[in-house]
Every structure is written in C-alpha cells, then in structure tokens.
Amino acid sequence: MAALHPVIIDTTHGLLTAETSQDAAIASAAALIQTIVADRAQVRLAFGDIQAPLNDAAKALALGVEARAHYGRAHRRLHELGIEKGLFQPTGHGDIFPTQDDSDQAPSKAAMETGDSGLPASLQASA
C-alpha cells in the first residue's frame, strides 16, 4: 500500500476524533437527561419545575445526534473526494485500513478453488 499524504492522515485523524467525541457528547447528554428526571424528587422539585431545563437538554441531545449525522456525511464526502482526485484507492474498510481486498491478506484464487480458505479448520464451514 502506498504511503498516504500527511494531509489525508491529519484529516482522517480529525474526522475520527470528532466522531468519537460526538458519541461521547451524546452519551453525556443522555445521562444528563436521565439525572434530571431521576433526581428531581431528591431535591423536592415539582413535576413541572424541570420541564424547561429538560426541554433544553433534550434539544441539545437531538442536535448532538444531528451533528453526528453531519460528521458521518462529511467523512463520506471527503472519502469520495479523495477517491475522485486519486489521492488514495477505495477499500472495503474506510480510507486507510487494509482489508481482505488487499492481495497479501486475501486467500488466493487457487486456494479458493481447492477449498483452502486459509481459515483454521475449526472456522471453516463443513460441507
């Protein structure tokens, strides 16, 4: 596999970091909503007292989920742009990770014809 340009590596790192951070933000927002509802009685708040902050927290959670979708869309579009501009070759597992499509990892055609999948016998399908 050819070396990738440092810009591609930086962009990929930025995308993966943003996607992971957004997942953590969604989990934190969901935990906040759960806490607001579950702990209301402990501080003797009436049912309606938490409605405004609960609405805001729920809206923030929904926007976080929407942001996650946009990160995914940006990732896909950057990947397509990289392929279109010839910056890297498409793979079956994203833009930089080797896959079973790589000739050094995939079973050879001859091995497949003889039934040797390269898998341990315990993992091969029995006939």
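Computed from a predicted structure; not experimentally measured.

Chemist: Would you mind showing me how to read the overall build of the chain here?
Modeler: Along the backbone of the chain there are three helices and zero strands. Reading the secondary structure of the chain in the N-to-C direction produces α-α-α. Within the chain, the fraction of its 127 residues that count as buried is 16%. Of the contacts formed within the chain by residues at least 6 apart in sequence, a portion of 54% connects residues at least 24 apart. By element, 59% of the accessible surface of the chain is carried by carbon and sulfur atoms, the whole surface being about 9,500 Å².

Chemist: I tried to follow the environment of Ser-21 on my own but got confused; where do I start?
Modeler: If you trace the backbone, Ser-21 turns up in helix α1 (residues 6–38). Along the sequence, Ser-21 and Arg-68 sit 47 residues apart, while their C-alpha atoms lie 9.5 Å from each other. Side-chain polar atoms of Ser-21 contact the backbone oxygen of Thr-17, separated by 2.8 Å.

Chemist: Can you walk me through the nonpolar core in this structure?
Modeler: General note: in soluble globular proteins, nonpolar side chains tend to be found buried as a group. Ile-33, Ile-36, Ile-50, Leu-54 and Ala-57 form the largest nonpolar core, which has five residues in total. Of all the elements in the fold, those that place two or more residues in this core are α1 and α2 (51–84). If we skip the residues at most four places from it in the chain, Ala-57 touches Leu-32, Ile-33 and Ile-36.

Chemist: Explain the packing of α1 against α2 to me, please; I cannot follow it from the model alone.
Modeler: Relative placement of two packed helices is described by the angle separating their axes and the distance separating the axes. Interhelical geometry of α1 versus α2 gives an angle of 160 degrees and a closest axis separation of 9 Å. Overall, the two elements α1 and α2 adopt an arrangement that is roughly antiparallel. Between α1 and α2 lies a crossing whose hand is left-handed. When grouped by side-chain class, the residues that make up the contact of α1 with α2 number 19 nonpolar, five polar and three charged.

Chemist: Would you mind going over α2 with me for this structure?
Modeler: Side chains of residues three or four places apart in an α-helix project in the same direction, reflecting 3.6 residues per turn. The first and last C-alpha atoms of α2 sit 49 Å apart over 34 residues, in line with the 50 Å expected at 1.5 Å per residue. Looking at α2, one finds that the buried residues are Leu-54, Ala-57, Gly-64, His-75, His-79 and Gly-82. Where the residues of α2 are buried, they touch α1. The positive-phi residue at the C-terminal boundary of α2 is Gly-86, with phi of around 75 degrees.

Chemist: When you look at unusual backbone geometry in this model, what are you seeing that I'm missing?
Modeler: Among all residues save glycine, negative phi is the norm, and among peptide bonds the norm is trans. Notably, Arg-44 is not glycine yet its phi reads approximately 60 degrees, a positive angle. The topology assignment puts Arg-44 in the loop between α1 and α2.

The rules we used
- Residues numbered from 1 in each chain as written.
- Predicted model: local features only at pLDDT ≥ 70, side-chain atom pairs only at ≥ 80, totals over all residues.
- Heavy atoms only, no water.
- Helix = DSSP H or I, 4+ residues; strand = E, 2+ residues; numbered from the N terminus.
- Buried < 20%, exposed > 50% of the residue type's maximum accessible area, 1.4 Å probe, protein only.
- Contact = heavy atoms within 4.5 Å.
- Areas by Shrake-Rupley, 256 points an atom, 1.4 Å probe, with all protein chains shown as cover.
- Polar contact = N/O pair within 3.5 Å; in protein donor to acceptor, adjacent residues only side chain to side chain.
- Core = buried A, V, L, I, M, F, W, Y, C linked by side-chain atoms within 4.5 Å.
- Axes fitted to C-alpha atoms, helices over the stretch in contact; angles between N-to-C directions.
- Parallel < 35°, antiparallel > 145°, perpendicular 65-115°, else oblique.
- Left-handed = near helix turned anticlockwise from the far one by under 90°.
- Nonpolar A, V, L, I, M, F, W, Y, C, P; charged D, E, K, R; others polar.
- Expected span 1.5 Å × (residues − 1).

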